[in-house]
Amino acid sequence: MGDFNLALVLVAIVVSVVVFIFNVYLLINYQHPDDKNQAYFPKFVVVLGLTVAFLSILMLPADVANRQACKHAIYNGACNLTLPMKDLWLAIYIVDAILVFFVIPFAMFYYEGDQDKTVGKRMKSALCWVVTTAIVVALVLGILYGLVGKVDFTVKHLSSETTSFPNNWSSFTSGQQCIGNGARLVECSAIASNSSSETTWTQRATFPEYVVALATIVGSVLFSIFGGVGIACLPLGLIFSFIRRPKAVITRSQYIKEATELGKKARELKKAADALHQEERSGSKGRKWRKNTKALEKELLLLEEDVNALEEMYPQGEKAETTWALTVLGYLAKLVLGILGLVVSIAWIAHIVIYLLIDPPLSSFLNEIFIKLDDIWGLLGTAAFAFFCMYLLFAVIAGAMMLGLRLVFITIHPMKWGATLMNSFLFNVGLILLCSISVIQFCSTAFAYYAQATAAQEIFGHTLQSLRGIKYLYKYNVFQIAFIVLAGLTFVYYAAFGWRRKKPSGRFQLSD
């Protein structure tokens, strides 16, 4: 038992180090050249936020493995030697909330501050925004916790008759579970008790649990929207990207014509950007300025997509043929990953319907698959469990990227290899952190049979779903239904329009 726990601790340390190194690698390769050798504080926040997000997703499989440590305990107190998962859950989600609502906004305000101002003035401006946000959030949390920060558990009072020990035990069989005159199992179960035996047991939730609960509600709204859209657009986007791929290399004359048009568009956008920057310096940052800034961001993103498409259709350099071959192989890889992702998405949707939305569940489905995989090899089911949880997080990110191009109230913050500014990095890290809480809560509910008796199940299964004022959202499966509806609508949308070649809203369009 001790050896098992020591191995689990070592695995947790190794995984944490690997995740940290991987996030540093992502930062180095995704960062914009303008941010090299500067903006160290935002970079530290990005790496810390990504590490917390990924570790929070991987903590649920670790919680299941930690439960196994005392499953076959042969002496009292063996479970006391396992990892304190409940304390770790609360700690990592408190850190999550602090990063999302305070640290990341401060880093974004500081990074996006006027570069002509001194460091002190930029920090003062960012701090004012964050302090104002902190006061508002603290007041809201304090008032809500004082008024409705309680947990209501519905309990039943059970009782059964007893009798003196008989001289002859032969009259008792395996079919007679309770001692008494003619007593049977049904007479000792909650089913046999009348409605008057039900009562409500109320207790106040701890403040950390309440903070996690409210953060989960905020994340669940975003998760239902982005996750429902992303679970469909993630695999179908890859498949239709293969369908819309460039079929052949264009001629040099076509390339010159298209490049000239894109150059004109780039000069126009530069003039617009200079004008907006001049307005910002003069202090006239009104509603019209913000609207024009967002329109400019969208046009810049479309211009980048046109440039990338043009480079794909006309590779240059001494290794042009190799570049074209790699482009073809890349689209084939998208097709394969899209098909595999489509299978996983369908499995997720089917599991939600037959296990969560139908009462009683038709089957435990993926829960049984994970258990059977564990029987084959101890970590196989846990690894599959972690993969399905991580896939759901990637679906949320894909949905956010898709809707960010279409919804007016969402700022576009695209992630591009070698061209991602720190404000875009911070925005996406905040989104990942906020949605990771809901992904864990959703997975702990969807895989309640496999993740039973875990610390996550206690926090996100019992406490959260019994919290006053919030429990009805989970009782009537509001988030799950919204998730399925949006997933279905996105599937229909892609089936109708996804196969078409994407046309930018700008004036310029590449020739076939």
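Read on for a plain summary of the structure. (Residues numbered from 1 in each chain as written. Predicted model: local features only at pLDDT ≥ 70, side-chain atom pairs only at ≥ 80, totals over all residues. Heavy atoms only, no water.)

Some thoughts on the overall build of the chain
- Summing up its helical and strand segments, the chain has 15 helices and two strands in all.
- For the chain, the residues scored as buried account for 41% of the 512 residues in total.
- Of the contacts made within the chain by residues no fewer than 6 positions apart, 81% connect residues no fewer than 24 positions apart. (Helix = DSSP H or I, 4+ residues; strand = E, 2+ residues; numbered from the N terminus. Buried < 20%, exposed > 50% of the residue type's maximum accessible area, 1.4 Å probe, protein only. Contact = heavy atoms within 4.5 Å.)

Let's talk about the environment of Asn 423
- In this structure, Asn 423 sits in helix 12 (residues 422-446).
- Overall, the relative accessible area of 14% leaves Asn 423 in the buried class.
- Distance from Asn 423 to Tyr 110, taken between C-alpha atoms, is 9.5 Å for residues 313 residues apart in sequence.

Concerning a nonpolar patch on the surface
- On the surface, a nonpolar cluster with roughly 530 Å² of combined accessible area is contributed by Val 9, Leu 10, Ile 13, Val 17, Phe 20 and Ile 21.
- Topologically, Val 9 is positioned in helix 1 (residues 2-30). (Patch = residues over 30% accessible without salt bridge, like charges linked within 9 Å, V, L, I, M, F, W, Y side chains within 5 Å. Areas by Shrake-Rupley, 256 points an atom, 1.4 Å probe, with all protein chains shown as cover. Salt bridge = Lys/Arg side-chain N within 4 Å of Asp/Glu carboxyl O.)

Some words on the packing of aromatic side chains
- Summed over the entire model, instances satisfying the criterion amount to 19 aromatic pairs.
- Where Phe 370 meets Tyr 450, the ring centres are 5.5 Å apart and the plane angle is 65°; that geometry is what we call edge-to-face. Here Tyr 450 lies in the loop between helix 12 and helix 13 (455-463) and Phe 370 lies in helix 10 (residues 366-376), a separation of 80 residues in the sequence. Across the pair, exposure class does not vary: Phe 370 and Tyr 450 are buried alike.
- Here a set of aromatic residues connected by ring pairs shows up, and it is made of Phe 223, Trp 348, Phe 370, Phe 385, Phe 387, Phe 388, Tyr 391, Phe 442, Phe 447, Tyr 450 and Phe 483.
- We note Arg 245 situated over the ring of Phe 242; from NZ or CZ to the ring centre the distance is 4.1 Å. (Phe/Tyr/Trp six-rings, centres within 6.5 Å; stacked < 30°, edge-to-face > 60°. Lys NZ or Arg CZ within 6 Å of the ring centre and 35° of its normal.)

So, the side chain of Ser 364
- Its place among the elements puts Ser 364 in the loop between helix 9 (320-357) and helix 10.
- Since its relative accessible area comes to 12%, Ser 364 is described here as buried.
- Not counting residues up to four positions away in its chain, the partners in contact with Ser 364 are His 351, Tyr 355 and Tyr 449.

Thoughts on helix 10
- Where helix 10 is concerned, the buried positions are Leu 366, Asn 367, Phe 370 and Asp 374. Axial view of helix 10: buried residues confined to an arc of 110°, hence all on one face. In this structure, helix 10 carries Lys 372, Asp 375 and Ile 376 as exposed residues pointing more than 90 degrees from its buried face.
- Of the surrounding elements, those touching the buried residues of helix 10 are helix 9, helix 11 (380-403) and helix 12. (Arc of directions from axis to C-beta.)

Remarks on unusual backbone geometry
- Positive phi, normally seen in glycine, also occurs at Phe 365, with a value near 45°.
- Judged by relative accessible area, which is 26%, Phe 365 ranks as partly exposed.
- The phi dihedral of Asn 477 falls on the positive side, at around 55°, and the residue is not glycine.
- Here Asn 477 lies in the loop between helix 14 (471-475) and helix 15 (478-498).

Considering the packing of helix 11 against helix 12
- Look at helix 11 against helix 12: their axes get within 9 Å of each other, and the N-to-C directions meet at 135°. Classified by the angle their axes make, helix 11 and helix 12 are oblique. Crossing hand, helix 11 versus helix 12: right-handed. Residue-level inspection shows Cys 389, Leu 392, Leu 393, Val 396, Ile 397, Ala 400 and Met 401 of helix 11 in contact with helix 12, the latter providing Asn 428, Leu 431, Ile 432, Cys 435, Ser 436, Val 439, Phe 442 and Cys 443.
- For the contact of helix 11 with helix 12, the per-class residue count stands at 13 nonpolar, two polar and no charged. (Axes fitted to C-alpha atoms, helices over the stretch in contact; angles between N-to-C directions. Parallel < 35°, antiparallel > 145°, perpendicular 65-115°, else oblique. Left-handed = near helix turned anticlockwise from the far one by under 90°. Nonpolar A, V, L, I, M, F, W, Y, C, P; charged D, E, K, R; others polar.)

Quick look at the nonpolar core
- Counting 82 residues, the largest nonpolar core has Trp 89, Ile 231, Trp 348, Leu 392 and Phe 447 as the members making the most contacts within it.
- When residues of this core are assigned to their parent elements, the largest contribution, 15 residues, is made by helix 12.
- Filtering out sequence-adjacent residues up to four positions away, Ile 231 remains in contact with Ser 345, Trp 348, Ile 349, Tyr 391, Leu 392, Ala 395, Phe 483 and Ala 487. (Core = buried A, V, L, I, M, F, W, Y, C linked by side-chain atoms within 4.5 Å.)

What to know about the pattern of salt bridges
- Under the counting rule described, the total for this entry stands at two salt bridges.
- In this structure, Glu 299 and Lys 265 form a salt bridge, with 3.3 Å as the shortest nitrogen-oxygen distance. In this pair, Glu 299 is assigned in helix 8 (residues 287-313) and Lys 265 in helix 7 (residues 252-282), connecting sequence segments 34 residues apart.
- Among the residues examined, Lys 265 registers a relative accessible area of 11% and is labelled buried.

Remarks on the packing of helix 6 (residues 207-243) against helix 9
- At a minimum axis distance of 7 Å, the contact between helix 6 and helix 9 shows a crossing angle of 155°. If you check the angle between helix 6 and helix 9, you find them roughly antiparallel. At the point where helix 6 passes helix 9, the crossing takes the left-handed sense. Judged by residue contacts, Ile 231, Pro 235, Leu 236, Leu 238, Ile 239, Ser 241 and Phe 242 of helix 6 engage Tyr 331, Leu 332, Lys 334, Leu 335, Leu 337, Gly 338, Ile 339, Gly 341, Leu 342, Ser 345, Trp 348 and Ile 349 from helix 9.
- Grouping the amino acids of the contact of helix 6 with helix 9 by side-chain chemistry returns 14 nonpolar, four polar and one charged.

Nothing here speaks to function; it is all geometry.
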